[in-house]
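Close look at the chain arrangement
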Amino acid sequence: MEYLDFELPIKELQEQYEKACLIGEESDVDVTNTCKQIEKKLNDTKKDIYKNLTPWQRVQLSRHPDRPYTMDYINAICGDSFLELHGDRSFKDDKAMVGGLGKIGDQSYMFVGQQKGYNTKTRQYRNFGMANPEGYRKALRLMKSAEKFNLPVVCFIDTPGAFPGLEAEERGQGEAIARNIMEMTRLKVPIIVVIIGEGASGGALGIGVGDKVMMLENTWYSVISPESCSSILWRSWEFKEQAADALKLTAIDMKKQKLIDEIIKEPLGGAHSDREKTFLTVASSISKTYANLKMLSPTDLIKKRMEKYLDMGEFKS
């Protein structure tokens, strides 16, 4: 496992614990008490570190190389029932945006989400999770298909932003995102949004309009990344930590401002520290949410969704 800078005390204690256990296995020396003491100290250190994370540290955790991505969630939750669908029927198949049909239990869903790569080759293949206009058009095509067959939509958000290249702008990046936002507000089936990693800018909003928007505990959701904000305000990336504080981008901040509906708790150490538990928690949250949303008629669903977004940004003095 890879460790971030602020996790180094955990790494040291973990190595001590493993060495002590190894000595006990390879010799006749009883190291039970030593192992227990180190294990207790390790657990206390973990609780202390993860209980007091700064916004920037949560941003770092959301980008952890071992953190599960969209396809990890889909494969774990749906198993063999997932059928991936490709193409926007206009230009090409965007590999940064994935989607298809899958089941949680007996209920079918249309899954849509951004997919990042695991190494240099797959990161290039997935364009680092930055979708082009055809990716957003593919997402909309799948959502419209879900509406046609009366299936709920689940969107997994994990992107550093929509692709900002010249060719993306030439093919209508802004229009594609704007159209998705408009169409999602009036989709006649339930939309459940889960932010599983980075939720940056319009790239996240392009599949981020939902009846219920949930964030995993160590994720972020903002109009701009801390680094980009720092480079604009201070002409340097060195102030990214201050920018992360000022942006109020954590799940707790988003919930406080009523921009999301629920925070999904992660295992101690982040989603990557216990993937199976994270997958089960997310699947359970999706199922519970859909159980409530399916009781609403399409008219009520759209009305509540629109009211929810129209109410955002209202402040009383």
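Our subject is the structure listed above.
Let me sum up the structure you'll find in this document.

Details of helix 10 (residues 226-233)
Along helix 10, the positions that sit buried rather than exposed are Pro226, Glu227, Cys229 and Ser230. Across the axial projection of helix 10, the buried residues extend over an arc of 165 degrees, all falling on one side. Residues of helix 10 that are buried sit in contact with helix 3 (55-62), strand 7 (220-222) and helix 11 (240-247). Directly after helix 10, the chain includes Arg235, whose backbone phi takes a positive value near 60 degrees.

Brief notes about the nonpolar core
Formed by 32 residues in total, the largest nonpolar core has its most connected members in Tyr136, Met143, Val153, Cys155 and Ile207. Of all elements in the fold, only strand 3 (107-114), helix 6 (133-148), strand 4 (153-159), helix 8 (173-185), strand 5 (191-200), strand 6 (212-216) and helix 12 (251-256) reach the threshold of two or more residues within this core. When residues in this core are grouped by element, the largest group, 5 residues, is from helix 6. If near-sequence neighbours (up to four positions away) are discounted, Val153 is found in contact with Met110, Met143, Ala146, Leu187, Val189, Pro190, Ile191 and Ile192. Core analysis: the second largest hydrophobic core is formed by 26 residues, Ile74, Val154, Met214 and Leu216 among them.

A word on the pattern of salt bridges
For side chains bearing opposite charge, pairing can occur when the charged atoms are close. Within the structure shown, the criterion is met by 20 salt bridges. The partner of Arg67 in a salt bridge is Glu266, with the nearest N and O atoms 2.7 Å apart. Placement of Arg67 in the loop between helix 3 and helix 4 (70-78) and of Glu266 in the loop between strand 8 (262-264) and helix 13 (275-293) is noted, with a sequence separation of 199 residues between them. The salt bridge involving Lys212 is made with Glu262; its shortest N-O contact spans 3.0 Å. With Lys212 in strand 6 and Glu262 in strand 8, the pair connects residues that are 50 residues apart, well separated along the chain.

Calculation rules
- Residues numbered from 1 in each chain as written.
- Predicted model: local features only at pLDDT ≥ 70, side-chain atom pairs only at ≥ 80, totals over all residues.
- Heavy atoms only, no water.
- Buried < 20%, exposed > 50% of the residue type's maximum accessible area, 1.4 Å probe, protein only.
- Helix = DSSP H or I, 4+ residues; strand = E, 2+ residues; numbered from the N terminus.
- Arc of directions from axis to C-beta.
- Contact = heavy atoms within 4.5 Å.
- Core = buried A, V, L, I, M, F, W, Y, C linked by side-chain atoms within 4.5 Å.
- Salt bridge = Lys/Arg side-chain N within 4 Å of Asp/Glu carboxyl O.

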